[in-house]
Amino acid sequence: MGGLNDEVLDERLAERVARLPLDRKVRLLTGASMFTLHGEDEIGLAPMAFSDGPTGVRGLEFTGGPLTCLFPNATLLASSWRRETAAEVGRLLAEEAERQRIHVVLGPTVNLHRSPLGGRLFEAYSEDPLLTGHLAAAYVAGLQDRGVGACVKHLVANESETDRSTVDSVVDERTLREVYLLPFEIAVQDADPWSVMAAYNDVNGVPATEQDHVINGILKGEWGWSGLVMSDWFATKSAGPAANGGLDLVMPGPLGPWGPALVAAVQAGEVAESVVDDHLHRLLRLADRVGALDAPRAWPSVVPDPAGAVRREQLLRLAAQGMTVLANDGALPLARENRIALVGRPALETTCMGGGSATVRAPHQVSIADGLREASDRVTVVDGVAVRSRPRPSPSGMRVRLFGGSGALLSDRHSEEARTIVGLPGEDLGEPVARVELSTPLPAGATRIGVLGVAHARVTAGDASHEVTLESVSNDIGADVLQPPAWQTDVVLAEPAELVAELTGDSMVAVGLVAEPTPPSDDEAIAAAVAAAGEADVAVVVVGLTEEEETEAADKSTLALPGRQDELVSAVAAAAARTVVVVNAATPVLMPWRDEVHAVLWAGLPGQEGGHAVAAALLGEIEPAGRLVTSFPAADGAAPAWDVVPTDGRLTYEEGVFVGYRGYAARRAPAPAYWFGEGLGYGSWEYGEVSLDGRVLSVDLTNTSSRASREVVQVYLQPEPEDRDDQPVRLVGWSTVDLDAGERRDVDVELDPRALRTWADGAWHPLTGGRLLVARGLGDIRGEVPFTPPTP
Ligand code: BGC
């Protein structure tokens, strides 16, 4: 947008800034609501709208917003290792944003997979900064080419969720630069994102929202970036220090720590008015870029329907191609004539997305059971063991009636969603909500009923009535929204009844009902699965995590699969002729049964077309050509970085630059179960001669299989032995290539100089020496060549 050259634009923006008095400038630097900004007619500024992000455009509501596409989660998308995939996602998200008149999408997330326990890993791409940076740059370009802004988040060292708004991430400068800032740097240099989000945490004792060193010094200074830095939601802790530290915009609004306090700080001389002017200048530049300055933006009138055929094809393909074959003795792809016993709770209740701000209201979420049944008429589905430790909100929706203290009915609506939010500040219902009534019809039979929320609740179904008090366990509103306290019980109804929960209390935020047929006990489920497996040609067991683990605002404490899922796999494997395990999780899990089964397909959190995508991958209609984006530890604790619980408020990144595969390769942790970069696909590959010409490595590659297949040629720099205590092995480039059966090609891999340098004594130094390894993950090295740095 804009169309003027930078200098002319800057003059024009400066003139607008100068037109406003201080208080009106400052007003624009805090949001107007949860996801919108103020407009200002006098300077031609229209209100802008932001939306999460990153794998679906949720809209302006936290829950109850419009139906919108649910994309595969970030690790699944990243597992394709394809920049084209990230760019396509960016383009599609831009269209989704355009349909909802959203100017900025709050993504991509470029924090790294430091400890595998991090709750939010599912939203971020990888443990590797180069892979993350390149994918992020492609995503940003895809979005912004259509005039929708990206927001690269969260700057910086925000790799876990425990005490996230107070934790101090302690990271040395070299590690910060070489590892955690690198994805931001690549995104900034290669795609110029129009905004960046400053994180909740502190970095080396200074809040991320006041990081003069990172924001002013590096991002805006060294990198010369002209975009806008907004705070994470409710993250800003001060007026003067944050404004001086480079933060441009406080989110959300309209309240917050700036406003009059920032005006006063300017009047007191603590903040120069030119600092405020620069923040506003950047905000106006963003507005110009997204079409919110002067001429109103023309939004396209036709965007594909989120549930329509166009999106279904795109989202199915994007999900299936990233799925990753971790083991396969020939059981995959499944033969068409196979009789399949499909087993497991996640087969029926597939987790298609993670929890938190990345959640969207999808038009549908196809379960693996439905997807596979549609693809084959030889499938028997058997429920599995419990996978949740908390009650699951009913997916079938409910009636929601809100009453005020006077007894007046304030609102009567149907919620399609299992959880709904009541009584948010700013929701004008005439009076505060004092009582909530949730209801839904129940069929006769064995039924699980319950309620979620921070409230006192009376729950009735048929003749039975229960009184429960649900107290906040966290005293954190964010956690109460994402994981409200809950209660449930199993009843048997002689006839259909109405489930009604009446909730009262002062702290009601997210409320919901539990209403589902009572599932089998774990023992019953295992017995039924074993019986079905014995009668089939192949058992497909789906195991996984849910949004209880794959979530914002909480970390994990183990990588073990929840409940008795491991026991289920072993029991089925002992009974079945062949056993294939599908892992429905975004992040590493332990697989103690890996030697008992014939194949393992890692399926991520596959988005709205999830079940169709898993079916296509299992049957080989789309090659699951993914490669892992993060190493899978062999046991709890067996990782270069593990603990996510701060000590005295500090979380020290002790492993330094030896994070992920870099640390495993340096033997700083026992070898992983699966390496970063590992993945079999359905082809087989012969690697021939490797050569290096300047910054381009070439390798002679042949697809030796009888099907077209996709390979990811990965190149790592391994330093000289004497340097290996200080310099880790690292990914320095890769190429994805599609070859027909039997096809041979010279594949070029461009090495990125930003991975071929080290930070010491306050400056970058190019690396020299060592060897370039060509590998399918560092557990499977296929070739090498000495590294001779290119002459400048
Ligand atoms: C998350 C951000 C998100 C924001 C707005 C925060 O809780 O950390 O990633 O964009 O909420 O929903």
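Residues numbered from 1 in each chain as written. Predicted model: local features only at pLDDT ≥ 70, side-chain atom pairs only at ≥ 80, totals over all residues. Heavy atoms only, no water.

Chemist: Which residues make up the overall build of the protein chain, and what values do they have?
Modeler: Assigned secondary structure in the protein chain consists of 19 helices and 34 strands. For the C-alpha atoms alone, the extent of the protein chain along its principal axes is close to 80 × 80 × 55 Å. Sorting the 792 residues of the protein chain into buried and exposed places 63% on the buried side. Restricting to contacts in the protein chain with at least 6 residues of sequence separation, those with at least 24 account for 76%. Accessible area for the protein chain stands at about 27,900 Å²; split by element, carbon and sulfur atoms hold 49% of it. Taking the average place of the 65 positive charges on the side chains of the protein chain and the average place of its 113 negative ones, the gap between the two points comes to 3 Å. (Helix = DSSP H or I, 4+ residues; strand = E, 2+ residues; numbered from the N terminus. Buried < 20%, exposed > 50% of the residue type's maximum accessible area, 1.4 Å probe, protein only. Contact = heavy atoms within 4.5 Å. Areas by Shrake-Rupley, 256 points an atom, 1.4 Å probe, with all protein chains shown as cover. Lys, Arg positive; Asp, Glu negative; His and termini not counted. Charge placed at Lys NZ, Arg CZ, Asp CG, Glu CD.)

Chemist: Can you lay out the nonpolar core for me, pointing to particular residues and giving the numbers?
Modeler: Ranked by internal contacts, the top residues of the largest apolar core, which has 154 residues, are Phe50, Met230 and Leu283. Those residues in contact with Met230 that sit more than four places away from it in its chain are Phe50, Leu106, Cys151, Ser195, Val196, Met197, Ala198, Leu247, Leu249 and Met251. Counting residues in each nonpolar core, the second largest holds 64 residues, with Leu545, Val583, Met591 and Tyr682 among its members. (Core = buried A, V, L, I, M, F, W, Y, C linked by side-chain atoms within 4.5 Å.)

Chemist: Can you break down the domain arrangement of the protein chain residue by residue, with the values?
Modeler: In terms of domain boundaries, the protein chain breaks down into domain 1 (6-290), domain 2 (309-386 + 520-630), domain 3 (398-517) and domain 4 (683-786). Distance from the C-alpha centre of domain 1 to the C-alpha centre of domain 4: 33 Å. Listed per partner, the contact involves 17 residues of domain 1 and 18 residues of domain 4. For the pair domain 1 and domain 4, the two sides together bury roughly 1,700 Å², of which 54% comes from carbon and sulfur. (Domains from an automatic or database assignment. Buried area = accessible area lost by both parts, 1.4 Å probe.)

Chemist: Provide a residue-level description of the environment of Trp233, including the pertinent values.
Modeler: Mapped onto the fold, Trp233 is located in the loop between strand 8 (228-231) and helix 9 (240-245). Expressed as a C-alpha distance, the spacing of Trp233 and Thr109, which sit 124 residues apart in the sequence, is 15 Å.

Chemist: Account for the site of the ligand, with residues named and values stated.
Modeler: Surveying the vicinity of the ligand reveals 14 residues, the closest of which are Asp52, Arg120, His154, Asp232 and Glu552. Between the ligand and the protein, one listed contact pairs an oxygen atom with a side-chain N or O atom of Asp52 at 2.4 Å. Surface burial for the ligand is 95%, taken as the share of its 310 Å² of free accessible area covered by protein chains. Its residues assigned to classes, the shell around the ligand comprises five nonpolar, two polar and seven charged. (Near = heavy atom within 4 Å. Polar contact = N/O pair within 3.5 Å; in protein donor to acceptor, adjacent residues only side chain to side chain. Nonpolar A, V, L, I, M, F, W, Y, C, P; charged D, E, K, R; others polar.)

Chemist: Explain the pattern of salt bridges residue by residue, including any values.
Modeler: Enumeration according to the criterion identifies 62 salt bridges in this entry. Note that Glu222 is salt-bridged to Arg177, the shortest N-O span being 2.6 Å. With Glu222 in helix 8 (residues 212-222) and Arg177 in helix 6 (residues 173-180), this pair connects stretches of sequence that are 45 residues apart. Residue class for Glu222 comes out partly exposed when judged on its relative accessible area of 48%. Residue Asp523 pairs with Arg564 through a salt bridge whose shortest N-O separation is 2.8 Å. (Salt bridge = Lys/Arg side-chain N within 4 Å of Asp/Glu carboxyl O.)

Chemist: Let's hear about the sheet that holds strand 12 (residues 398-404): which residues, and what values?
Modeler: The six strands lie next to each other as 13-12-15-20-17-18, forming an open sheet whose pairing is antiparallel. If you trace the sheet from one side to the other, it starts and ends with strand 13 (409-415) and strand 18 (464-470), each paired once. Along the sheet, successive strands turn relative to each other by an average axial angle of 15°, direction set aside. As defined by bridge partners, strand 17 (residues 455-461) adjoins strand 18 across seven bridges and the pair is classed as antiparallel. Bridged to Arg458 within strand 18 is Glu467. (Pairing = 2+ DSSP bridges. Axes fitted to C-alpha atoms, helices over the stretch in contact; angles between N-to-C directions.)

Chemist: Tell me what's going on with the sheet that holds strand 7 (residues 206-207), and back it up with residues and numbers.
Modeler: One open sheet holds the four strands; their spatial order is 7-6-4-25, and the pairing between them is mixed. Strands with a single pairing partner mark the edges of an open sheet, and in this sheet they are strand 7 and strand 25 (650-652).

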